[in-house]
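Letter by letter, the chains look like this.
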Amino acid sequence: MGAASLRRIRSLLDIYSRRPLNRFAVIGLMALGAWLLVRGAPARSTVGAIPFVVLIWANHDRFFATVEQLLERHAWLVLAVPLLVYAVPLIAMPPTASDDLLRDIGQVFWPGGYRDMYVHTALPPVELYPAFDRVMGALAKWIGAPGAMWTAQAVACAGFALVFALAARRLLHGQSMWAVLTLAALVLVLQLISGRLSLARPEIFMTIWALSALLARGPATTAAWAVAGLALGSGYWLAPLYYPAALLLPLTWRARASVFTAMFLSWVGLWWWMTDGQLLAAMRWTLEQVANRIPGLGVLENESIVNVMLAPQMLALLFASAWASRHGGDARLLLLAGFFLLSNQARYGGIVAPLLALYALSAARRLQLRWPGAPRSIAAALGSVCLAWVSAGWPRYGDLPDFVLPAGAVVLTGFDQASYGIPFANLGAVRVSPAFEVGAAEPAVQRLVLDLARGGLDCAGLEGLGFTHLVESSLRGSPPPCLRLAQMKDGWRLWRIVE
């Protein structure tokens, strides 16, 4: 294609022209790109970016100047545009949670809650997520179970992005490149914890609340922060682990210690009242069930956090934190991250990552940075590409194992997404095992779960347990003689169990 042809194409795609033909070509190309972007698959979404890239190429002289002027006047757009790109696929292609949130919603459709929903398992003497379960249950009754799930995910995702961005801006006060630095940190953090945000568990909301301590100003906001933490704590039995976030409040060390002590004692009193004095028994129960897991069964949440720390994005945050330690970073953030690292559990990577990122940003405030040619638009473009791929990794609602079973069915699953997806797809109608703690299941059920994880199933092990169906995605080789295939979906199989 010659230079003259390229000039004609650029002239046709001039977005500033008032000629009808130009407007038709530009709007048509934009519509094509938008249609491709929302079609679903990540590869197709990438193709959808091509029409917009062509428009930018055709108008790059005026386009970049216009965009840079806009971003210079409204620096927050450097963050807002990539976050909008992150959100659009999630709106167009509804996501799904894959574990606890489905259970928290589903239990309300059984008269006896968890005790009716699960079989062959011990349950704690009291609820471990009382307020959270009640809120999600009420929401599910009001707008439907999927709507309740999407609401929780939207609040978790938007709440985290907003609190992180506001906290970063406060730490970078006076830094002319605050938006670009915040975007870079947010991209790294979301690459690490976006999957956890999709789960929308109580711990995610505790993480958002803990980071919001950086936004407190004065007695009123500090009191509101403490009350919010206690309210969230009524829905999560491990909430006090997040109360050391009082370290981030704009108070003296003595005042911070007082806030933490008051919150902890208030939480103990509240839970002692809610559990009718069985708080210690409930905590003891959880430890006992973990100890009851048969050899070979484990939970990824409880694995060493070292595996999380070796991720490339986390290594980048560690290097940035090492730099911040020599350039005046806010040591409180590092201390709090160290506190969660002491747990040596992978689940706390979700709060360690943003704390390390904010620690690095707290030192970047002192950097004397100058703007090169067009950094804002380039940063927004790169951030948009990165976050588009992050949101493409969210599990989709259509991928949920949602087989509809006969009412009264008793279903065995592996300790995986099916344990949560099957009762969510059959609200108040189907009982399952194992429950949310595999160690609480009867030893016979644990052995079956372990067999499934290894790709097999012992039919003799099913005798006397009353299971009518099996849902799995791990069996290899010829099916056992006690199974009859009923349905398949995206790698998941529903089997009828026969004698």
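See above for the structure.
Thresholds applied
Residues numbered from 1 in each chain as written. Predicted model: local features only at pLDDT ≥ 70, side-chain atom pairs only at ≥ 80, totals over all residues. Heavy atoms only, no water. Helix = DSSP H or I, 4+ residues; strand = E, 2+ residues; numbered from the N terminus. Contact = heavy atoms within 4.5 Å. Buried < 20%, exposed > 50% of the residue type's maximum accessible area, 1.4 Å probe, protein only. Phe/Tyr/Trp six-rings, centres within 6.5 Å; stacked < 30°, edge-to-face > 60°. Patch = residues over 30% accessible without salt bridge, like charges linked within 9 Å, V, L, I, M, F, W, Y side chains within 5 Å. Areas by Shrake-Rupley, 256 points an atom, 1.4 Å probe, with all protein chains shown as cover. Salt bridge = Lys/Arg side-chain N within 4 Å of Asp/Glu carboxyl O. Core = buried A, V, L, I, M, F, W, Y, C linked by side-chain atoms within 4.5 Å.

K.L.:
Help me out: how do you make sense of the side chain of K489 in this one?
P.N.:
Residue placement: K489 occurs in strand 4 (residues 483-489). Setting aside its immediate chain neighbours within four residues, K489 contacts G398, D399, L400, D402 and F403.

K.L.:
Help me out: how do you make sense of unusual backbone geometry in this one?
P.N.:
Going from S433 to P434, the amide bond is cis rather than trans, its omega being 10°. Of note, P434 is situated in the loop between strand 2 (431-433) and helix 22 (443-453). Although it is not a glycine, A200 sits at a positive phi angle of roughly 50°. In this structure, A200 sits in the loop between helix 11 (178-199) and helix 12 (202-211). Among the residues examined, A200 registers a relative accessible area of 0% and is labelled buried. Within the chain, D276 stands out as a residue other than glycine whose phi angle is a positive 55°.

K.L.:
Before we go on, may I ask you to explain the packing of aromatic side chains in this structure?
P.N.:
Given two aromatic rings, their pairing is described by the distance between the two centres and the angle made by the two planes. All chains considered together, the criterion is met by 17 aromatic pairs. Aromatic pair Y118 and F436: ring centres 6.0 Å apart, planes at 65°, arrangement edge-to-face. Here the residue Y118 occupies a position in the loop between helix 8 (114-117) and helix 9 (130-143), and F436 occupies one in the loop between strand 2 and helix 22, the gap between them amounting to 318 residues. An identical accessibility class is assigned to Y118 and F436; each is buried.

K.L.:
I tried to follow the environment of S419 on my own but got confused; where do I start?
P.N.:
Looking at where S419 falls in the secondary structure, it is placed in helix 21 (residues 417-425). Overall, the relative accessible area of 1% leaves S419 in the buried class. Sequence spacing of S419 and A435 is 16 residues, and the spatial spacing of their C-alpha atoms is 7.0 Å. Ignoring sequence-local partners within four residues, the contact set of S419 consists of T413, G414, V432 and P434.

K.L.:
Got a minute to help me understand a nonpolar patch on the surface in this structure?
P.N.:
A surface patch of nonpolar side chains, about 470 Å² in accessible area, is lined by V306, L310, L315, L318 and F319. Element by element, the count of residues in the nonpolar patch is highest for helix 17 (residues 312-325), at 3 residues.

K.L.:
Would you take a moment to explain the nonpolar core for this structure?
P.N.:
In globular proteins that are soluble, nonpolar side chains generally tend to be buried together. By size, the foremost hydrophobic cluster in this structure holds 118 residues, and its most contacted members are F160, W225 and L358. Take this core: its biggest share by element is 13 residues, from helix 10 (residues 145-171). The residues touching F160, leaving out its near neighbours within four places in the chain, are V155, L186, V189, L190, I193, L197, I208, L211 and P354. Ranked by size, the runner-up nonpolar core spans 24 residues in total, among them V119, I294, V438 and L465.

As far as function goes, none of this settles anything; it's purely spatial.
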